[in-house]
Amino acid sequence: MAHISLKNINKVYPNGFKAVKDFNLEIDDNEFIIFVGPSGCGKSTTLRMVAGLEDITSGELYIDGVLMNDVEPKDRDIAMVFQNYALYPHMTVFDNMAFGLKLRKLPKDEIKKKVEEAAEILDLGPLLDRKPKQLSGGQRQRVAMGRAIVRSPKVFLMDEPLSNLDAKLRVQMRTEISKLHQRLNATIIYVTHDQTEAMTLGTRIVVMSDGIMQQVDTPTNLYDKPDNLFVASFIGSPQMNFIESLFTIKNDKGYLSFEGHEIEIPDFKTKVLKEQGCDGKKVIMGIRPENLFDPELSLKPLKQKLNVKVSVYEMVGSEVFLYFDLLGNSLTARVDPKTKARVGDEIGLLIDVDKIHVFDVETEKKIVD
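Residues numbered from 1 in each chain as written. Predicted model: local features only at pLDDT ≥ 70, side-chain atom pairs only at ≥ 80, totals over all residues. Heavy atoms only, no water.

Visitor: Help me get a handle on the nonpolar core, residues and values and all.
Guide: By size, the foremost hydrophobic cluster in this structure holds 46 residues, and its most contacted members are Ile34, Met97, Phe156, Ile177 and Tyr190. Of all the elements, helix 4 (residues 137-149) adds the most residues to this core, at five residues. In contact with Ile34, not counting residues within four places along its chain, are Tyr190, Thr192, Ala198, Leu201, Gly202, Arg204, Ile205 and Val206. By size, the runner-up hydrophobic cluster in this structure holds 31 residues, among which are Leu256, Ile263, Val283 and Ile287. (Core = buried A, V, L, I, M, F, W, Y, C linked by side-chain atoms within 4.5 Å. Buried < 20%, exposed > 50% of the residue type's maximum accessible area, 1.4 Å probe, protein only. Helix = DSSP H or I, 4+ residues; strand = E, 2+ residues; numbered from the N terminus. Contact = heavy atoms within 4.5 Å.)

This is how it looks when you write it as structure tokens:
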């Protein structure tokens, strides 16, 4: 497989629009890297520059130490799996998978062997004589992946490959892609706007917004230690709750105050905020929905409370989402389904203050988590 290096990559279109800005990333051999972000953030454009389907305005792209900026896509030893499958409708599954190998003029017996091996990996053996119109969406996507696998490329590029599938199939195909990565020991770059896909598949995730890389990290670190407000809000469903607060220190204790609340925070968070000169200043407090607890059901010895009035109650099987308004913001608590709280109830949700994140109001960067 391959090591990929992107150095100061920029993409500027003729109309002046900057799609990707100063993108720097080192991708190790056999890594499964995810590019995630909202539509228009530059993730697919970056992938297409790696593929050679988009020109690089400035910066350098290396695959295994070889500069690739001016190398034709067919000579980069990459294989791409698209959102729309891109299968030839008049060809059988076998011929679709074999097409690239035939262009390379490989011997027929070698082509047959490679296609059958890929078909076995993807459970496509019984479908090799069918045409795409006779296949389900999930089967077509597996054929598209099979066409990539038979080429044994250095790098697999996947551009939102599951977005056309229904929810159940997406879950199944996520599992298949994860198994495929383990089996092939492949270097994979995978683009998605679905953060659940990103969190479950990637060894590392690149979060992008407005063409800028916001953070690169493991799924766990992105969730627990987001670098800024954008990452904190984008990663996690429901998203993190944010409350603008005033930070003050009284008798060496730190407090976050807002709308009749004064939340005492742990000493180590107070120390960091004090060192950053935040005493007497406004900050943004972040707390994830699962770190707010129904006081009647909490097993943790928590004391700090958020007094709220429930505006929406959502039962989603193994958990309940309680929605409420505070300072004009709609906030969420993810609580035990045994909760007795219902719409209109006023309750004091317990806060796990150890899990509070604090962000700078102006820069939106993390101060402490």
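Visitor: An account of the sheet that holds strand 1 (residues 4-12) is needed here, citing residue identities and associated values.
Guide: Reading across the sheet, the four strands line up as 2-1-4-5 and stay open at both edges, with antiparallel pairing between neighbours. Both outer strands of the open sheet, strand 2 (18-27) and strand 5 (66-67), are each paired with one neighbouring strand and no more. (Pairing = 2+ DSSP bridges.)

Visitor: Go over the layout of surface pockets, please, and point to the residues and values.
Guide: Taken as a whole, the largest pocket spans an internal volume of roughly 550 Å³. Surrounding the largest pocket, 18 residues form its lining, Ile78, Ala79, Met80, Gly100 and Arg151 being those nearest its centre. Looking at the lining of the largest pocket, the elements with two or more residues in it are strand 6 (78-81), helix 2 (93-103) and helix 4. (1 Å grid on protein atoms, 1.4 Å probe; cavity = no way out; pocket = protein on both sides within 12 Å on 5 of 7 lines; lining within 4 Å. Points joined across faces, edges and corners; volume = space filled by probe spheres on them.)

Visitor: Kindly report on the packing of helix 2 against helix 3 (residues 108-121), identifying the contributing residues and their values.
Guide: Taken N-terminus to C-terminus, the directions of helix 2 and helix 3 make an angle of 130°; their axes are 10 Å apart at the nearest point. Relative to helix 3, the element helix 2 lies oblique. Helix 2 and helix 3 meet at a crossing whose hand is right-handed. Of the residues in helix 3, those in contact with Phe94, Met97, Ala98, Leu101 and Lys102 of helix 2 are Ile111, Lys112, Lys114, Val115, Ala118 and Ala119. (Axes fitted to C-alpha atoms, helices over the stretch in contact; angles between N-to-C directions. Parallel < 35°, antiparallel > 145°, perpendicular 65-115°, else oblique. Left-handed = near helix turned anticlockwise from the far one by under 90°.)

Visitor: How would you summarise the sheet that holds strand 7 (residues 155-159) if you had to cite specific residues and measurements?
Guide: Strands sit in the order 6-7-8-3-9-10 across an open sheet of six strands; the sheet is mixed. Lying at the two open borders of the sheet, with one neighbouring strand each, are strand 6 and strand 10 (212-217). Ignoring strand direction, the axes of neighbouring strands in this sheet form an average angle of 15°. The sheet contact formed by strand 7 and strand 8 (residues 187-192) spans five bridges and is parallel. Across the sheet, Phe156 pairs through a bridge with Ile188, a residue of strand 8.

Visitor: Provide a residue-level description of the environment of Leu61, including the pertinent values.
Guide: Relative to the elements of secondary structure, Leu61 occurs in strand 4 (residues 58-63). Here Leu61 falls in the buried class, since its relative accessible area comes to 1%. Here the alpha-carbon distance between Leu61 and Leu6, two residues 55 residues apart in the chain, equals 4.8 Å. When sequence neighbours within four positions are dropped, the list of residues in contact with Leu61 reads Ile4, Ser5, Leu6, Ile9, Met49, Val50, Ile56, Val66, Leu67, Met68, Asn69 and Arg76.

Visitor: Outline the pairing of strand 19 (residues 346-351), supporting the account with residue identities and numerical values.
Guide: Taken across its six residues, strand 19 has five buried, putting it largely inside the fold. Inspection of the sheet shows strand 15 (residues 292-293) paired to strand 19 by two bridges, in the antiparallel sense. What sits directly across from Phe293, in strand 19, is Leu350. Strand direction decides the pairing type here: strand 16 (residues 305-315) and strand 19, joined by five bridges, are antiparallel. By the bridge assignment, Leu306 is partnered in strand 19 with Leu349.

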